[in-house]
Amino acid sequence: MRVSLIGSIDRDLNSTYEQFVPVAPRLPLDSQVNPLDEAKLATRYSFSNYSLAVEELTFYSQQSLLDELAAANTPQQKDQLFLSIDALRQATRRSLAVDTQRPIELSQAELERLINSPDGRLTLNRSVAVAANVQPTLMRLLVLLVPFQAPELTVGEPAKLQDPATAVGLRLVYVGRNLSTVQHLLDQLKNVMLLLFGVGLVTAGTGAYALAGQALQPLRRVQRAAERIGGQNLTDRVPVPTTGDEVESLARALNAMLGRLEGSFEAQRRFTSDASHELRTPVTAISGHAGYLLRRTNPTGQQAESLRIIQSESARLTNLIASLLQLARSDSGALVLSRQPILAALFLSDITRELAPLAQAQQTTLTAVGEDVTFEGDPDRLKQVMINLVSNALKAGAQTITLRSAQVAGEVRLSVQDNGPGIPADQLERLFDRFYRLEDSRSRDQGGAGLGLSIARGIVDAHGGRIWLESESGQGTTAHVQLPIGNVPVLDEDDVP
Ligand SMILES: Nc1ncnc2c1ncn2[C@@H]1O[C@H](COP(=O)(O)OP(=O)(O)OP(=O)(O)O)[C@@H](O)[C@H]1O
Ligand SMILES: [Mg+2]
């Protein structure tokens, strides 16, 4: 933009130069200028937007100047040449809209460039003072070096002029045009473009955001559905948008993958369930036969010991099979809950009463405290959860175990706190994996199968609650079970006995 504007100014300077050349000789010399000079005023009217000047280097042609420049070998000789040129310029200067006290100056280098240029022209940006007491303004300046043959213009050293008719000389013509309007225009244009760019950017950004939001809507629906699907509801599928694009293919691929996962989960669950069923009868038979041999025959002391081991290991296997069956059932979503209102405090004290003999056997203090919150749940299943938590604490060797109930954020929280050895933080979640136990409890005889916590999680999940462990090594462990209150009938004060 700037380049094309400057190009058009340069073209304009050229045409002004052509109009100015015939007028130039009529302008008075700067040294004789009268501010009210009529010729000058009339010319100013024709060239109102320009600063113009003309200087004459009589007896010089471009070639002779070039020769003299080439002959000036030392800097002093060069200075001498330019001094004489400057004297001629000053004596012959005629100008219009240039302060006579501050004429347009050209440096030695610029003059040299001009003389050396093949077409005798030079274009510069230069500050020019257009009148006395006025700040110089930035101008685009065209300087031309043109030969002329006009005896009436020859001034300077007329004594040397033998034949005025053959007088030759070089004219230095300056045509300047104010750049401030162009600069102003460019500044305005820049502001407009910046504004347009800003508006365009904001509009494009908002449009792109809105379009992207709309385009991503089906993907978000698929994402939300995929996030809801877990082991418990593998039969669900993500919605398939009929967009005919990659999102639709992605949803179809996800559904196909869910189908395959469901198939392999189902096969695994069926295997566990079938294997447990098949194992139940032989294990019961082994245990029964061992009992029969103990009761009805007279085994030696060592034989009786082996039979008792067979009996206790069969009992462990029976428990394990029952646990596996229950896990298989909760995996398939077939865990049926029989919900009824439960009084938390009463529920916990029942459990302590039931487990008191076990606790006493290892000198552990087992107590129940807390608020009496009523909530809805399956008491048998939840008892199974709590018994596993208490038996875990007992197995860990806790000396005190406290069962607590409290109402937290509209839910009931049942906790089992012990002062056992605690659990390392990185193991807390892993203990809910099937068959996962801490290293030391694997080596202990009383260690279980490692299924209790996963069964507990299955039961708590079926209640719509959550179960987690909090522990610090050496500081004991607290297991929390938090359940929704559910639909419990509001008791009238009169109903309370
Ligand atoms: N309160 C606790 N303190 C220390 N370790 C614990 C505690 N509760 C659980 N654990 C660790 O977590 C493991 C897993 O517990 P989980 O109840 O799942 O299995 P288990 O008790 O070993 O066997 P199961 O319950 O199937 O008879 C335990 O073996 C034990 O190492
Ligand atoms: Mg356990």
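Residues numbered from 1 in each chain as written. Chains lettered and ligands numbered in written order. Predicted model: local features only at pLDDT ≥ 70, side-chain atom pairs only at ≥ 80, totals over all residues. Heavy atoms only, no water.

Just so we agree on the cut-off: UniProt positions are given in the numbering used here, feature names are shortened, and annotations may be inferred rather than shown by experiment.
With an unreviewed UniProt entry as reference, the chain is termed histidine kinase, source organism Deinococcus arboris. Looking at the chain in UniProt, the text filed under Subcellular location (unreviewed entry) is "Cell membrane". Taken from UniProt, the Catalytic activity (unreviewed entry) comment for the chain reads in full: "ATP + protein L-histidine = ADP + protein N-phospho-L-histidine."

**A word on the domain arrangement of the chain**
Using the following cut-off: By convention here, the domain bounds are inherited from an automatic or database domain assignment.
One can read the domain layout of the chain as domain 1 (2-178), domain 2 (261-331) and domain 3 (340-495). If you average the C-alpha positions of domain 1 and of domain 2, the two centres end up 119 Å apart.

**Considering the environment of serine 249**
The following threshold applies: Secondary structure elements are defined from DSSP: runs of H or I of at least 4 residues count as helices, runs of E of at least 2 residues count as strands, and each element is numbered from the N terminus. Under this definition, polar contacts are N or O atom pairs within 3.5 Å; protein pairs additionally need one hydrogen-donor-capable and one acceptor-capable atom, and for neighbouring residues in sequence, both atoms have to be side-chain atoms.
Among the secondary structure elements, serine 249 is positioned in helix α7 (residues 246-296). In terms of polar contacts, serine 249 uses its side chain to reach the backbone carbonyl oxygen of aspartate 245, at 3.1 Å.

**Structural notes on the sheet that holds strand β2 (residues 94-96)**
Which entries qualify depends on this criterion: Two strands form a pair only when DSSP identifies at least two bridges running between them. To get an axis, fit a line to the C-alpha atoms, keeping to the stretch in contact for a helix; angles then go from 0 to 180 degrees between the N-to-C directions.
One open sheet accounts for five strands, arranged β2-β1-β5-β4-β3; its pairing is antiparallel. Both outer strands of the open sheet, β2 and β3 (121-128), are each paired with one neighbouring strand and no more. Sheet twist, expressed as the mean angle between neighbouring strand axes with direction ignored, is 20°. One ladder, built from 10 bridges, connects strand β4 (residues 137-148) with strand β5 (residues 169-178); its direction is antiparallel.

**Some thoughts on the packing of helix α4 (residues 75-92) against helix α5 (residues 108-116)**
For any two helices packed against each other, one specifies the crossing angle of their axes together with the interaxial distance. What counts, and what does not: Should an angle fall under 35 degrees it is taken as roughly parallel, and over 145 as roughly antiparallel, whereas 65 to 115 is taken as roughly perpendicular and any remaining angle as oblique. The contact rule is simple, with two residues in contact once any of their heavy atoms fall within 4.5 Å. Asp, Glu, Lys and Arg are counted as charged, while Ala, Val, Leu, Ile, Met, Phe, Trp, Tyr, Cys and Pro are counted as nonpolar; the rest, among them Gly, fall into the polar class.
Axis separation between α4 and α5 bottoms out at 12 Å; the angle between their running directions is 85°. In terms of their interaxial angle, α4 and α5 are classed as roughly perpendicular. Note on element contacts: α5 touches α4 through Gln108, Leu111, Glu112 and Ile115, opposite Lys78, Asp79, Phe82, Asp86 and Arg89. Looking at the contact of α4 with α5, its residues break down into three nonpolar, one polar and five charged.

**Side note on the coordination of the magnesium ion (ligand 2)**
Worth spelling out the cut-off: Only N, O and S atoms count as donors, using a 2.8 Å limit from the metal and a wider 3.2 Å limit for Na, K and Ca, and since water is excluded some coordination spheres may look unfilled. When accessible area is computed with a 1.4 Å probe and restricted to protein chains, residues below 20% of their type maximum are described as buried, those above 50% as exposed, and intermediate ones as partly exposed.
Protein-derived ligands of the magnesium ion (ligand 2) are Asn388 (OD1) and Asn392 (OD1), with the metal-ligand distances lying across 2.1 to 2.2 Å. With asparagine 388 and asparagine 392 both in helix α10 (residues 379-395) and four residues apart, this pair spans about one turn of that helix. Among the residues examined, asparagine 388 registers a relative accessible area of 14% and is labelled buried.

**Observations concerning the layout of surface pockets**
Condition: Cavity means a closed set of points on a 1 Å grid over the protein atoms alone, one where a 1.4 Å probe fits but cannot get out, pocket means an open set with protein on both sides within 12 Å along at least 5 of 7 lines, and lining means a residue has an atom within 4 Å of a point. Grid points are joined across faces, edges and corners, and a volume is the space filled by probe spheres set on the points.
Here the second largest pocket defines a volume of roughly 400 Å³. Taken together, 18 residues make up the lining of the second largest pocket; nearest its centre are Gly231, Phe265, Arg269, Asp331 and Ser332. Elements with a minimum of two residues in the lining of the second largest pocket: α7 and α8 (301-331). When residues of the lining of the second largest pocket are assigned to their parent elements, the largest contribution, six residues, is made by α7.

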